[in-house]
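So you can see what is in the structure, the chains are spelled out below.
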Amino acid sequence: MNEFLNLLQNGIPLDFKLAESFTQILESLLKLNVLILHKNRYFLRKQFCIGRVELAREGYGFVLPLPKSNKQDWLVEKNLLKGAQKGDIVLAKLLTKGNSNRLRAKVLMILESKDKFVLCYLEKFKLDCIAVSIPNEIPYKIKASQKSLKTLPSNTILKLNPKNGEILEILGTLEDPKIDEIIALGLYEKQESFCLNAQLQAQSFQEVRIKDFKERMDCTHLPFCAIDPLGAKDHDDAVYFDAESSTLYVAIADVSYYVPQDSPLDLEARNRGFSIYFPHKSIPMLPRALSENLCSLNAGKLRLAMVWKMRLHKRTKAVLNSELFEAVIKVRQKLTYEEVDELLKSSKSKQILPALRKPLLSLHALAQKLRAKRLKKGFDFLGDEKSMELDKNLELKNIKIESQTPSHQLVEECMLLANIESAKLQTQKITANDENLKLGIYRVHSRPKPDGITELFTELKLLGIWEKAIPFKDFHQAILSVQKAAKRANMESEVDKLIIKSMPQASYASHNIGHFGLGFEVYSHFTSPIRRYSDLLLHRILKAKIRLNEDSTHKESLPALCEDLSQKEREAAKIEMEFKDRKFARFLSQRIGQAFIGFVSNDSTPEIVSLVTPPLQGARVLCLKGKGVKYQKVRIQIIEVNIATAKIYGRIVESYNESFGMTNEQISKYLFVKSSQKERQKQQKAKEKARKIMQQTKRNKRNRYASSQSFVRPKHKGR
């Protein structure tokens, strides 16, 4: 839907050939007469809006305009929602503003329905039991006898039909830490188990034998190695570099062989979109019989792979020629990042096989040169990752901060190169019989908008990191200068976060617009087909190309698929964050009254404080009392925790003249300016509120006067 709405925002030309699914939406909008034709392009009329529904606990809802913008959301009263539930995409019509500046609307049509159920917790209210939704806390009546409901423990987690109140499933109780995983998945309609047909299909495959795949290239003589985090079970990729011929081999698991299009496995994978990673386990996109076994490039096992063979210029490291082919490989050794880092640091290793040491050292030298070349156009941000450790009861134990190391960079540069070559290959027109061959699956990232650039450099000026005019033209060079200044000021991580926030989010698209952040003219995802459906799709497209049997008919579905994958990618990230938030909330629910150190992370009120005290790095606390400004170091006391909504509340008990772990003249100046701005905003809001009250009072007086004048005393002629 987002891709269609992006097209509609810019105007859909009359002669533009849309995918079939998009054509149906366009026809529906034309029937409702909500589109206007301007300069041979269809636009949505100004009094209409397409957006996503969010519900408030009081029952009314909001329509959040799509595509995402700075437009104000539209308020929809409960009786005008037309049955729309949270997450539904609707067409709404603007009504009058009424007495406030709040835009009010009514839902005309549900274009895309999302929620089939809601997750609720059971609450005993007076003499009755009601269901309260997570996380909005909207009350629902339950279609069950009160007698039976009272036999259930308080805070029982239910899966409820929002339309009729029917209990679909009882999931557990809120007090059990194991419920956090179920809630995180349930909020986005995900589950760990696979349908029976998909499981049977996954278990039907046999181990690979060379004699069964004579049409494939036999690459078992090449000493490939797989480099992954400790404990990883799904190995998508393996690498080998022949320094003598300057040839890089990148082998990627051939998942498309095991997952035919529209098969039960494919339908499951498409529905999931991505694997989800929790601290204690993964929720795979494919059954473990494939994701951790037959598809995974395990050491010492024959495996099917798609292999990129790239010959590089020995001096410039430019790709001279490349070839993609189907192969059988055998990984010599499975390595961890730590083991490779040890080799790269000392040139020695007891763990790594002798046959792999020299190729890895040569590959490291290559990767550093590729990286330096890439960063002339792209950006490099600190890649610190926070990984949560849980105890045996699945409660928070510790947070580990993992930094990017040379071994990570080695793997990253190999994968980037394979992704670029894959994207280039899908743009090549091998058969010239259909315009749809231009469609593909690309990873795109657009340039930041002027508003985002202005906001970023205004903030950087206050922090003393930037002193010149706002660089709308040479943005890349300006960011490199900012990062150097931030490094000198020991503010790299925080400034990188500001820069990333100013940029639009990368996404999948069926048309190529390049990748601004990486500095690539064309880019796609090819290297993780076990855990990303986008990569699996690209494998199918490229297989058809190298076999010279490309079919354009299935490409009509790519726009909708790309849009769906972008949405599912965001959902997977939200699920992982939701799980962590629940663990933080559960941990702090046992520490009410205790105070922790953090930094204010927003400009608005109420303040949100991001904690930095171990093991709570990344926990967010909503401040109910106390004052602080963005980036200011504070000490906040926990006063309440709602485990159902994973919300943590606190009060700032102490504010420091410190930010980013530093105290200096510039930081003091920054905090003073921010405090002054916040005070002015507060005064402005108070004046605006007073002005509205005065206007309303005057209107009421006029209305009363008009009513009194319109009343005419009747005339009587006598008794």
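Let me begin by describing the structure that accompanies this report. Here the structure is a predicted model, which is why all the values come from computation and not from measurement. (Residues numbered from 1 in each chain as written. Predicted model: local features only at pLDDT ≥ 70, side-chain atom pairs only at ≥ 80, totals over all residues. Heavy atoms only, no water.)

### Some details on the sheet that holds strand 8 (residues 104-112)
The sheet built from five strands closes into a barrel, its strands ordered 4-5-6-8-7 with mixed pairing. For this sheet the average axis-to-axis angle between neighbouring strands, irrespective of direction, equals 50°. Where strand 5 (residues 61-65) and strand 6 (residues 74-76) come together, three bridges link them in antiparallel fashion. Within strand 6, the position partnered with Gly61 by the bridge is Val76. (Pairing = 2+ DSSP bridges. Helix = DSSP H or I, 4+ residues; strand = E, 2+ residues; numbered from the N terminus. Axes fitted to C-alpha atoms, helices over the stretch in contact; angles between N-to-C directions.)

### What to know about the packing of helix 12 (residues 450-462) against helix 13 (residues 475-488)
Remark: helix 12 packs on helix 13, axes separated minimally by 13 Å, with the N-to-C direction vectors making an angle of 25°. On the basis of their axis angle, the class for helix 12 and helix 13 is roughly parallel. Where helix 12 crosses over helix 13, the handedness of that crossing is left-handed. Side by side, helix 12 and helix 13 meet where Ile453, Leu456, Phe457 and Leu460 of the first sit next to Phe475, Ala478, Ile479 and Val482 of the second. Residue composition of the contact of helix 12 with helix 13, grouped by class: eight nonpolar, no polar and no charged. (Parallel < 35°, antiparallel > 145°, perpendicular 65-115°, else oblique. Left-handed = near helix turned anticlockwise from the far one by under 90°. Contact = heavy atoms within 4.5 Å. Nonpolar A, V, L, I, M, F, W, Y, C, P; charged D, E, K, R; others polar.)

### A closer look at helix 14 (residues 492-502)
Taken together, the buried positions of helix 14 are Val495, Asp496, Leu498, Ile499 and Ser502. The buried residues of helix 14 occupy an angular sector of 160° when the element is viewed end-on, so they sit on one face. The outward face of helix 14, more than 90 degrees from its buried face, is lined by the exposed residues Lys497 and Lys501. Buried-residue contacts for helix 14 involve helix 12 and helix 13. (Buried < 20%, exposed > 50% of the residue type's maximum accessible area, 1.4 Å probe, protein only. Arc of directions from axis to C-beta.)

### Describing the nonpolar core
Phe224 and Ile329 are the most contacted members of the largest nonpolar core, which has 112 residues in total. At 11 residues, the largest contribution of residues to this core is made by helix 16 (residues 558-589). Setting aside anything within four residues of it in sequence, one finds Phe224 in contact with Cys219, Ala238, Val239, Tyr240, Tyr249, Ala251, Ile329, Val331, Arg332, Gln333 and Leu356. The next biggest cluster of nonpolar side chains, apart from the first, holds 25 residues, and it includes Leu55, Val107, Tyr140 and Leu158. (Core = buried A, V, L, I, M, F, W, Y, C linked by side-chain atoms within 4.5 Å.)

### Concerning the pairing of strand 20 (residues 302-312)
The side chains of a regular strand alternate, first on one face of the sheet and then on the other. Burial of strand 20 is extensive: eight of the 11 residues sit out of reach of the surface. Bridge count between strand 17 (residues 247-253) and strand 20: seven bridges; the pairing is antiparallel. When the bridges of strand 20 are listed, Ala251 appears paired with Val307. In terms of strand pairing, strand 20 meets strand 21 (residues 319-330) through 11 bridges, oriented antiparallel. Looking at strand 21, one finds that Leu312 is bridged to Val319. Hairpin connection between strand 20 and strand 21: a loop of six residues separates the two successive antiparallel strands, and Lys317 in this loop has a positive phi of roughly 65°.

### Details of the packing of aromatic side chains
Counted according to the given criterion, the structure contains 16 aromatic pairs. Aromatic pair Phe475 and Phe516: ring centres 5.9 Å apart, planes at 40°, arrangement tilted. Residue Phe475 is located in helix 13, and its partner Phe516 is located in the loop between strand 26 (507-509) and helix 15 (533-546); the two are separated by 41 residues in the primary sequence. Residue classification places Phe475 among the buried positions, given a relative accessible area of 0%. Taken together, the aromatic side chains of Phe379, Phe381, Phe457, Trp466, Phe475 and Phe516 make up a single cluster linked through ring pairs. Of note, Arg272 hangs over the ring of Phe194, and the distance from its end group to the ring centre comes to 3.7 Å. Over the face of the ring belonging to Tyr656 we find Lys633, whose NZ or CZ atom lies 5.1 Å from the ring centre. (Phe/Tyr/Trp six-rings, centres within 6.5 Å; stacked < 30°, edge-to-face > 60°. Lys NZ or Arg CZ within 6 Å of the ring centre and 35° of its normal.)

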